Amino acid sequence: MSTGMVLSLAMTLLFVLLGLGSPIFVSLGLSGLFGIYLITGIRGLFQLPASIFAQLDSFTLVAIPLFILMGEIIFITGIGKDIYNAFSKWLNKIPGGLAIASIYSCALFGAMSGVSIAGVATIGTMAVPEMLKRKYDKGLAAGSVAAAGALAVLIPPSISFILYGAISGESVGKLFIGGIIPGIVLATMMAVYVYIKVLRNPSLAPREHGEVTFSEKMASLKRLWPVLLLILVVLGTIYTGIATPTEAGAIGVFGAFFIALVYGRLNWETFRSALFKATHVTVVILIILASAYAFSQFLNLIRLPEMVAMWLTNLHLHRMIVMLIIMAVLIVLGCLIDGASLIIVTTPILLPTITALGFSPLWYGILVVLNVEIAVITPPVGLNLYTMKSIVGDQVSLGEIIKGTAPFIIVDILALLLFMFWPELALWLPGKMG
């Protein structure tokens, strides 16, 4: 059987399984096994477990459960409420102040969790009911939190960067540091969008009439020092080279435990809950990773990455046009599969093309994660949309959430284009590392 026929059969099986609603790990795993069997026979299937184990037996991947556990412990401290309280007090007088406060709160919480739905759940539980109470537009209230929650995908410690680093061999530490400026810029772009939108239509977010004194504003900052210290220690140890991302994750877990003890929220039940949730999320990610490795093994057997690289480079188009095509493909795929699968499946296929075109794999990794940022808020798969719906219940329809989030997708795409055509903006900080 020809290679083309085998690829067609395996891809058909993949899309049929996805269309039938099979979990992504089942779809990828079975399609990969089917393809490998057609190419190598039963012998290739016997060799596959050892290959998958070798890929998963990685010190880099140990960072995933550590940073997830750090985020879960931070979640139980209730510190998200303090973050939102501080931002809302400082920004309450500007147009769309509560929505902008939600955006920056999600960004700051994302710097401790690395998982987008955690930010949506934590900040959204407080922010959206408060905005609705103050007559904010439903779409704006829900959309701003759902979109800003995705900043956790980009702002370190991002699980997406760990996955990309494990697959590409790129430094996870440099990827983390490379995500700082894009994260800050994107959060500010979202805030500016809300400000301009509300300035043009004040009825979307009625102004606050109550006064917040300067002493109240300063008092709101007192409980933020543990947050800022934890972020500074985790990212500072990575930037200075004192610790690897995995070691920094262990430091982060210790710091999160300390904060939980200071806040008086740590007991056996809360610890057990955090450990259980972190284990569950980690297992889900690793199962998807293992299945995607099986599928990637099949693609490597038929030399698809090399064929794609050869085809794209032989188009004789300007390399930035090729990048635009790749980004468009990733955006479309992001509507169909989850962010982790997007990274795991496409990176082995497209990375040879990126290097053949002379682009930096580090820069490409940042662009890929920006695509994941878009993926988590685009239907029909966008997890942040459904997380937000579970929070607001019947107060806001799913259609209103999607409509409110749609403008932020455009903001995300503009940010993607900004860092695509101005790579130095993303690569400046990693370039300062030793």
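Above: the structure in question.
Here the structure is a predicted model, which means the values were calculated and not measured.

Q: I'd love a proper account of the overall build of the chain, names of residues and values included.
A: Scanning the chain from terminus to terminus reveals 23 helices and 0 strands. Over its C-alpha atoms the chain spans a radius of gyration of 22 Å, differing by no more than 12% from the 22 Å that the globule rule assigns to 434 residues. In terms of principal-axis extent, the alpha carbons of the chain reach across some 75 × 45 × 45 Å. Counting every position in the chain, which comprises 434 residues, the buried fraction comes to 51%. Here the chain displays about 18,500 Å² of accessible surface, and carbon together with sulfur accounts for 70% of that area.

Q: Go over helix H10 (residues 159–168), please, and point to the residues and values.
A: In terms of residue burial, H10 counts as a mostly covered element, since 7 of its 10 residues are buried. For H10, every residue scored as buried is listed here: Ile-159, Ser-160, Phe-161, Ile-162, Leu-163, Tyr-164 and Gly-165. The inward-facing, buried residues of H10 contact helix H4 (63–77), helix H9 (151–154), helix H11 (172–178), helix H16 (268–301), helix H19 (339–356) and helix H20 (361–375). At the N-terminal end of H10, a side-chain oxygen is found 3.2 Å from the backbone nitrogen of Ser-160, two or three residues along, and the residue is Ser-158.

Q: Any details on the nonpolar core? Residues and values, ideally.
A: Grouped together as the largest cluster of nonpolar side chains are 145 residues, with contacts concentrated most on Met-112, Met-323, Ile-326 and Tyr-364. No other element matches H16, which puts 12 residues into this core. Ile-326 has contacts with Leu-312, Leu-350, Thr-353, Ile-354 and Tyr-364, leaving out every residue within four places of it along the chain.

Q: Go over helix H15 (residues 245–263), please, and point to the residues and values.
A: Between its first and last C-alpha, H15 extends 26 Å over 19 residues, near the 27 Å set by a 1.5 Å rise per residue. Turning to H15, its buried residues are Pro-245, Thr-246, Ala-248, Gly-249, Gly-252, Val-253, Gly-255, Ala-256, Ile-259, Ala-260 and Tyr-263. Here the buried face of H15 lies against H4, helix H5 (79–91), H11 and helix H14 (225–239). Once H15 finishes, Gly-264 follows within two positions and takes phi at roughly 70°, a positive value.

Q: Lay out unusual backbone geometry in plain terms, naming residues and giving numbers.
A: In this model, Pro-156 is joined to Pro-157 through a cis peptide bond whose omega is 10°. Assignment of secondary structure puts Pro-157 in the loop between H9 and H10. Notably, Lys-135 is not glycine yet its phi reads approximately 70°, a positive angle. Mapping Lys-135 onto the fold places it in the loop between helix H7 (116–133) and helix H8 (138–149). Classification of Lys-135 by relative accessible area gives exposed; the value is 62%.

Q: Go over the pattern of salt bridges, please, and point to the residues and values.
A: By the definition in use, this model includes 1 salt bridge. In this structure, Arg-134 and Glu-130 form a salt bridge, with 2.6 Å as the shortest nitrogen-oxygen distance.

Q: Which residues make up the packing of H20 against helix H23 (residues 423–431), and what values do they have?
A: Where H20 contacts H23, the two axes come as close as 10 Å, and the packing angle between them is 115°. In terms of orientation, H20 lies roughly perpendicular with respect to H23. Helix-helix and strand crossings are classified by hand; for H20 and H23 the assignment is right-handed. Residue-level inspection shows Leu-362, Trp-363 and Ile-366 of H20 in contact with H23, the latter providing Pro-423, Ala-426, Leu-427 and Pro-430. Residues of the contact of H20 with H23, tallied by class, amount to 7 nonpolar, no polar and no charged.

Q: Please provide a residue-by-residue account of the environment of Leu-427, values included.
A: Inspection of the secondary structure assignment puts Leu-427 in helix H23. On a C-alpha basis, the gap between Leu-427 and Asn-314 in space is 28 Å, while along the polypeptide they are 113 residues apart. Apart from residues lying up to four places away in sequence, Leu-427 is in contact with Ser-360, Leu-362 and Trp-363.

Q: Which residues make up the packing of aromatic side chains, and what values go with them?
A: Tallied over the full model, the rule gives 9 aromatic pairs. Taking 5.2 Å as the distance between ring centres and 80° as the angle between the ring planes, the aromatic pair formed by Tyr-193 and Phe-408 counts as edge-to-face. Of this pair, Tyr-193 sits in helix H12 (residues 180–200) while Phe-408 sits in helix H22 (residues 398–421); the two residues are 215 residues apart in sequence, bridging distant segments of the chain. Residue classification places Phe-408 among the buried positions, given a relative accessible area of 1%. With a centroid separation of 6.0 Å and an interplanar angle of 45°, the aromatic rings of Trp-268 and Phe-271 are classed as tilted.

Parameters at a glance
- Residues numbered from 1 in each chain as written.
- Predicted model: local features only at pLDDT ≥ 70, side-chain atom pairs only at ≥ 80, totals over all residues.
- Heavy atoms only, no water.
- Helix = DSSP H or I, 4+ residues; strand = E, 2+ residues; numbered from the N terminus.
- Rg over C-alpha atoms; globule rule 2.2 N^0.38 Å.
- Buried < 20%, exposed > 50% of the residue type's maximum accessible area, 1.4 Å probe, protein only.
- Areas by Shrake-Rupley, 256 points an atom, 1.4 Å probe, with all protein chains shown as cover.
- Contact = heavy atoms within 4.5 Å.
- Polar contact = N/O pair within 3.5 Å; in protein donor to acceptor, adjacent residues only side chain to side chain.
- Core = buried A, V, L, I, M, F, W, Y, C linked by side-chain atoms within 4.5 Å.
- Expected span 1.5 Å × (residues − 1).
- Salt bridge = Lys/Arg side-chain N within 4 Å of Asp/Glu carboxyl O.
- Axes fitted to C-alpha atoms, helices over the stretch in contact; angles between N-to-C directions.
- Parallel < 35°, antiparallel > 145°, perpendicular 65-115°, else oblique.
- Left-handed = near helix turned anticlockwise from the far one by under 90°.
- Nonpolar A, V, L, I, M, F, W, Y, C, P; charged D, E, K, R; others polar.
- Phe/Tyr/Trp six-rings, centres within 6.5 Å; stacked < 30°, edge-to-face > 60°.

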